[in-house]
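# Structural overview
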Amino acid sequence: MTGDQRPPAPRVVIADDQELVRTGFQMILTARGIDVVAEAADGAEAVAAVRRHRPDVVLLDIRMPVMDGLEAARRILAEVPDCRVIMLTTFDLDHYVYTALGLGASGFLLKDVTSEHLANAVRLVCTGDALLAPSITRRLVERFAGAAPTTPAAPAVHRDLTPLTARELEVLTLMGSGRSNAELARELTLSEATVKTHVARIFAKLSLRDRAQAVVLAYETGLVAPGAAQRSG
């Protein structure tokens, strides 16, 4: 790829029961070169839209009629595992969000997100990188890591960390503490390229979709204890 070429624009489905939210997000994304291929007013419509259009990203409201966002996320990720799901919520500590991350969602956004952050988030999840500032993900996970998920469908992730090397365990622990790749590189005295290689190997060995699941797993396996991330940051 030459310097003046850009990757293809992400293809997005927006699912929210409020028409004004859908319209506003559609206008924001379209103005920034992102292709909104469909809108949905409830979870069932969202699943159907994803099945039909095979988008790269779904913006999925948690609280919707007919089928809520958690059930829609579960079905979407089962049918189209390459699709990235971003949950939309009104509250930054909505207790459903932790469950959504466990189901395989790539993160969450508040509905009052800025235009620039919305567009950047859509592009970032397509790369598998961190969706949100590490402090936001950390705050969310620290609040709910000790609580049992409220839905019966637990995330299908490996709890056995023995496939990881000592260095990979160190990288996973620091990711769970909210470190970005740049921060990991500085702390471990490695290049960012080497850090990215370690992260990719961790994802492959533990069948993780992205950084959000890695953070959740670090807490669930006890690599990081609630409160430790804030003390180390």
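An account of the accompanying structure is given in this report. (Residues numbered from 1 in each chain as written. Predicted model: local features only at pLDDT ≥ 70, side-chain atom pairs only at ≥ 80, totals over all residues. Heavy atoms only, no water.)

## Topic: the nonpolar core
- Counting residues in each nonpolar core, the largest one holds 27 residues, and the members touching the most others are V13, A15, V58, L60, I76, V85 and M87.
- Mapped by element, the contributors of at least two residues to this core are β1 (11–15), β2 (35–40), α2 (43–53), β3 (57–61), α3 (69–79), β4 (84–89) and α4 (95–103).
- At 5 residues, the largest contribution of residues to this core is made by α3.
- Non-local contacts of I76, meaning those with residues more than four positions away in its chain, are made with A46, V47, V50, V58, L60, P81, C83 and V85.
- Formed by 19 residues, the second largest nonpolar core is a distinct cluster that contains F25, V57, I86 and L88. (Core = buried A, V, L, I, M, F, W, Y, C linked by side-chain atoms within 4.5 Å. Buried < 20%, exposed > 50% of the residue type's maximum accessible area, 1.4 Å probe, protein only. Helix = DSSP H or I, 4+ residues; strand = E, 2+ residues; numbered from the N terminus. Contact = heavy atoms within 4.5 Å.)

## Remarks on the packing of α2 against α3
- Close contact between α2 and α3 brings their axes to 9 Å; oriented N to C, the two are set at 15°. In terms of axis orientation, α2 runs roughly parallel to α3. In the packing of α2 onto α3, the handedness of the crossing is right-handed. Side by side, α2 and α3 meet where G43, A46, V47, V50 and R51 of the first sit next to A72, R75, I76 and E79 of the second.
- Here the residues of the contact of α2 with α3 sort into 5 nonpolar, 1 polar and 3 charged. (Axes fitted to C-alpha atoms, helices over the stretch in contact; angles between N-to-C directions. Parallel < 35°, antiparallel > 145°, perpendicular 65-115°, else oblique. Left-handed = near helix turned anticlockwise from the far one by under 90°. Nonpolar A, V, L, I, M, F, W, Y, C, P; charged D, E, K, R; others polar.)

## As for helix α1 (residues 19–31)
- The terminal C-alpha atoms of α1 lie 18 Å apart, and with 13 residues this matches the ideal 18 Å at 1.5 Å per residue to within 8%.
- Each element contacted by the buried residues of α1 is listed here: β1, β2, β3, β4 and α5 (115–127).
- Count one or two residues on from α1 and you reach G33, which has phi positive near 80°. (Expected span 1.5 Å × (residues − 1).)

## Comments concerning the layout of surface pockets
- The space that makes up the largest pocket amounts to roughly 300 Å³.
- Along the walls of the largest pocket sit 12 residues, with P7, P8, P10, R123 and C126 positioned nearest its centre.
- The element that contributes the greatest number of residues to the lining of the largest pocket is α5, accounting for 3 residues.
- Per-class residue counts for the lining of the largest pocket are 5 nonpolar, 2 polar and 5 charged. (1 Å grid on protein atoms, 1.4 Å probe; cavity = no way out; pocket = protein on both sides within 12 Å on 5 of 7 lines; lining within 4 Å. Points joined across faces, edges and corners; volume = space filled by probe spheres on them.)

## Here we look at the side chain of H198
- Among the secondary structure elements, H198 is positioned in helix α9 (residues 192–206).
- The class of H198 is buried, set by a relative accessible area of 13%.

## Re the sheet that holds β3
- Spatially, β2-β1-β3-β4-β5 is the arrangement adopted by the 5 strands of the open sheet, whose pairing is parallel. Strand pairing shows two members of the sheet lacking a second neighbour, β2 and β5 (107–110), which therefore form its edges. Direction aside, the axes of adjacent strands within the sheet are offset by 25° on average.
- Contacts from α1 reach β1, β2, β3 and β4 within the one sheet, and its direction differs from that of β2 by about 170°.
- Those strands touched by α5 are β1, β3, β4 and β5, and its axis lies near 125° from that of β3. (Pairing = 2+ DSSP bridges.)

## A short note on α9
- Taking 1.5 Å per residue as the helical rise, α9 with its 15 residues ought to reach 21 Å, and the 21 Å between its terminal C-alpha atoms agrees with that figure.
- Within α9 the residues assigned to the buried category are V195, H198, V199, I202, F203 and L206. Angular distribution of buried residues about the axis of α9 spans 140°; they occupy a single face of the element. Along α9, the residues that are exposed and aim more than 90 degrees away from the buried face are A193 and A204.
- Contacts from the buried residues of α9 go to α7 (166–176), α8 (181–188) and α10 (211–220). (Arc of directions from axis to C-beta.)

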